[in-house]
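The primary structure of each chain is shown beneath.
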Amino acid sequence: MSSLTDERRNTVELSIGGMTCASCANRIERKLNKLDGVTATVNFATEKATVSFPDDIDPQRLIAEVEKAGYTAELPAPPVEETQADEQEPEDELRPLRQRLITAVALSVPVIAMAMIPALQFTYWQWLSLTLAAPVVVYAGWPFHKAAWTNLRHGTATMDTLVSLGTLAAFGWSLWALFFGTAGMPGMTHPFELLTVERADGAGTIYLETAAGVTAFILAGRYFEARAKRRAGAALRALLELGAKDVTVLRGGTEVRIPIDRLAVGDRFVVRPGEKIATDGVVEEGGSAVDASMLTGESVPVEVRPGDAVTGATVNTSGRLVVRATRVGADTQLAQMARLVEQAQTGKAQVQRLADRVSAVFVPIVIALAVATLGFWLSSGAGPTAAFTAAVAVLIIACPCALGLATPTALLVGTGRGAQLGILIKGPEVLESTRKIDTVVLDKTGTVTEGRMSLVGVHVADGEDENEVLRLAGALEHASEHPIARAIAVGAAEKVGELPAVADFTNVEGLGVQGVVDGHAVLAGRPQLLTEWSQHLPPELERALTEARAAGRTAVAVGWDGRARAIITVADRIKPTSAEAVRRLRELGLRPVLLTGDGQTVAETVAAEVGIDEVIAEVLPADKVDVIKRLQAEGRVVAMVGDGVNDAAALAQADLGLAMGTGTDAAIQASDLTLVRGDLRVAADAIRLARRTLATIKGNLFWAFAYNVAALPLAAAGLLNPMIAGAAMAFSSVFVVTNSLRLRRFR
């Protein structure tokens, strides 16, 4: 039933324009969620709304709803236009803000200087102040007033309402004092004070420096905030730009250059040395080393041959390759990575939902507090100047922009940095899980070990040459398709070079293989095969055979010309980085557990080698979920690291699922974190990065809350000049963004 419901639902990502703070995002979200069957999440930092809606709702209705709230909304542009827009948009977005900021700073500096330094207060200085301050308040501050007016028409209030009210009140008061009070008289002077509570009539006091200064400070905060948001999203943009733009395809034996979006599954395309591989595919011709560092963070190029899978956006470093495309466009690994990063950035952590609720009720409370402050100081006889100054300071200091930025900016930077390091965080909820986990279950095959048989040892009889054993056994096994035979053949070729040809090759069912190599009648397989040819193992080889079996390794006996010559052992080799990874996981306070379907002996051998004490062996694929459930029933909070289809259900059941990106799509879909390369050390890095991002979010929220809580009473008590309040408010937003940007330095 649920799958049918899912089919009738659509998801669209709208670009939202005109948002200036977290309250705006909150209002659009509420407006969209009021529509029947619509679920919307609006992210202030990415300026996007992710909307899930039923088939019977037209996307244009969603846009109309956003416009009714006083903002703009656009459906995603077609892919080609999108890349062109990407190149221009950041500049267009910042230019008007930069122009307003330059105007505000250039004109408000002399206004503030004249107000603060009595020596500069020449005759009629106040009129020059008015001439300079008017363009700052009206032109530079226009975005705040426009947003406040939109909010008023819709019966709501946001942070812009506070800024607009505060600056217009200060400017309006100054106009009244200049034209109808005594402030316009020749020779008028006034000192600049941070402590403002005093008895005065107000008719001789102007606040032009407050109106101009606050506008300039808050515009500066907005500008640096917008720049930082662009830098924070740079990792995602860089990820999207990694892919090749065009590709050379083979059409009827001829090479044709076409744009990447015209490439189809099944097309064969050519990749020359130094070129990017256009899309995910399988090598059909040629051999080369592929540099995947920009996608996985892996510094060593990977050797590829016919039959090997390659990933789009990786770089061919040496030979010419012909690749058959298996996935194109939105299905490629690069596109999936970008999608996961973007999904993570548009989600909301528990802590952010709290901040959203607070900022939604915060603005009306602040306006009420400003009115109460004005009333209190007027009734206490402090005079209209002191009362008005305190009320304006309350309006300005209270802007909780920092609250709205605390979570999205840290998420943007954290998930972006993760993508650069080959760690994909699926959503902010994942961050909460990483803090609580105390046990990490590691699947053995493909996670701790390489997941394929490799040659691990050669034990020769007295007087035999190891290289000669490998040369003859490797040549014989090269003719076989068996995984163990392949492991011996590959290992032998790596050690002794080119292998000779085989004649009269025979596969002896269940026992091994035999054939003639360089004039020698060679046997390789179980000891019984050699015994049938009266080639009995000498004591040193019997010992090697027993030790190999005790360690859970596969032993292959080799003999020729009437004598047993060696025991070759193969095993699923432990990854060189696994022991260090386990040590790092322990340092994070986690208890590692090895989980495998292999026998107890093999499992304990691997566990001992990498430093794991707890082993759960001989587990059928279907029973892995039960193991996770059992550990959870014991009160443990479990993370699971796996890579296979058989791990998918266990990854989904675990409190935190980490999938190796070298594994299957099913495992990756079921996990919370994807580790793009198959290095277990990245699991420790991923948990550290997720915990660091969560700590940054909490730090941001603490300082944003603490700042408002501490500053509001000071402002209400009349102890803050409104201009200082404006500077402090702008600083709090810049602090939060800068603190988030520190995550870019995560190693």
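You'll find the protein chain entered in an unreviewed UniProt entry as Cation-transporting P-type ATPase B, with Thermostaphylospora chromogena given as the organism. The Catalytic activity (unreviewed entry) comment attached to the protein chain in UniProt states, word for word, "ATP + H2O = ADP + phosphate + H(+)". In UniProt, the protein chain has this text filed under Sequence similarities (unreviewed entry): "Belongs to the cation transport ATPase (P-type) (TC 3.A.3) family. Type IB subfamily."

## Focus on the pairing of strand S1 (residues 9-17)
Successive side chains on a regular strand alternate, one facing one side of the sheet and the next facing the other. Here S1 pairs with strand S3 (residues 48-54) via 7 bridges, running antiparallel. Pairing of asparagine 10 across the sheet is with phenylalanine 53, part of S3. For S1 and strand S4 (residues 72-74), the ladder comprises 3 bridges, and the chain directions are antiparallel. Along S4, the bridge assignment pairs serine 15 with glutamate 74.

## Quick word on the sheet that holds S4
Read from one edge to the other, the open sheet built from 4 strands follows the order S2-S3-S1-S4, with strand pairing classed as antiparallel. The sheet is open, and its two borders are formed by strand S2 (39-43) and S4, each paired with just one other strand. Geometrically, the sheet is characterised by an average inter-axis angle of 25° between neighbouring strands, direction not taken into account.

## Structural notes on the packing of helix H17 (residues 466-478) against helix H18 (residues 483-496)
The geometry of H17 relative to H18 is characterised by a closest axis approach of 8 Å and an angle of 135° between their N-to-C directions. Accordingly, the angle class assigned to the pair H17 and H18 is oblique. You can see that H17 and H18 cross each other, and the crossing is left-handed. Residues Glu466, Asn467, Leu470, Arg471, Ala473, Gly474, Glu477 and His478 of H17 lie in contact with H18, whose contacting residues are Ala485, Ile488, Ala489, Ala492, Lys495 and Val496. In terms of residue class, the contact of H17 with H18 is made up of 7 nonpolar, 3 polar and 4 charged.

## Thoughts on the environment of alanine 113
Position of alanine 113 relative to the elements: it lies in helix H4 (residues 79-116). For the pair alanine 113 and serine 129, spaced 16 residues apart in sequence, the C-alpha separation works out to 9.9 Å.

## Focus on the sheet that holds strand S25 (residues 656-660)
What the 7 strands build is an open sheet, ordered S14-S26-S25-S24-S15-S22-S23; its pairing is mixed. On the outer flanks of this sheet lie strand S14 (423-425) and strand S23 (614-616), each paired with one strand and no other. Ignoring strand direction, the axes of neighbouring strands in this sheet form an average angle of 20°. Sheet topology note: the S25/strand S26 (residues 673-675) ladder contains 3 bridges and is parallel.

## Considerations on the packing of helix H21 (residues 578-587) against helix H26 (residues 681-716)
Relative placement of two packed helices is described by the angle separating their axes and the distance separating the axes. Where H21 contacts H26, the two axes come as close as 7 Å, and the packing angle between them is 25°. The angle between the axes of H21 and H26 places the two elements in the roughly parallel class. Between H21 and H26 lies a crossing of left-handed hand. For the pair H21 and H26, the contacting residues are Glu580, Ala581, Arg584 and Leu585 in the first and Arg681, Ala684, Asp685 and Ile687 in the second. Here the contact of H21 with H26 is built from residues that sort into 4 nonpolar, no polar and 4 charged.

## Some thoughts on the pattern of salt bridges
Tallied over the full model, the rule gives 28 salt bridges. With a shortest N-O distance of 2.9 Å, aspartate 443 and lysine 624 are connected by a salt bridge. A residue pair is termed long-range when its members are at least 10 positions apart, and aspartate 443 in strand S15 (residues 439-443) and lysine 624 in helix H23 (residues 624-633) qualify at 181 residues. Both residues of the pair, aspartate 443 and lysine 624, belong to the buried class. Where salt bridges share partners, they join Glu580, Arg583, Arg584, Glu587, Asp679, Arg681, Asp685 and Arg688 into one cluster.

Calculation notes
- Residues numbered from 1 in each chain as written.
- Predicted model: local features only at pLDDT ≥ 70, side-chain atom pairs only at ≥ 80, totals over all residues.
- Heavy atoms only, no water.
- UniProt positions renumbered as here; feature names shortened; annotations may be inferred.
- Pairing = 2+ DSSP bridges.
- Helix = DSSP H or I, 4+ residues; strand = E, 2+ residues; numbered from the N terminus.
- Axes fitted to C-alpha atoms, helices over the stretch in contact; angles between N-to-C directions.
- Parallel < 35°, antiparallel > 145°, perpendicular 65-115°, else oblique.
- Left-handed = near helix turned anticlockwise from the far one by under 90°.
- Contact = heavy atoms within 4.5 Å.
- Nonpolar A, V, L, I, M, F, W, Y, C, P; charged D, E, K, R; others polar.
- Salt bridge = Lys/Arg side-chain N within 4 Å of Asp/Glu carboxyl O.
- Buried < 20%, exposed > 50% of the residue type's maximum accessible area, 1.4 Å probe, protein only.

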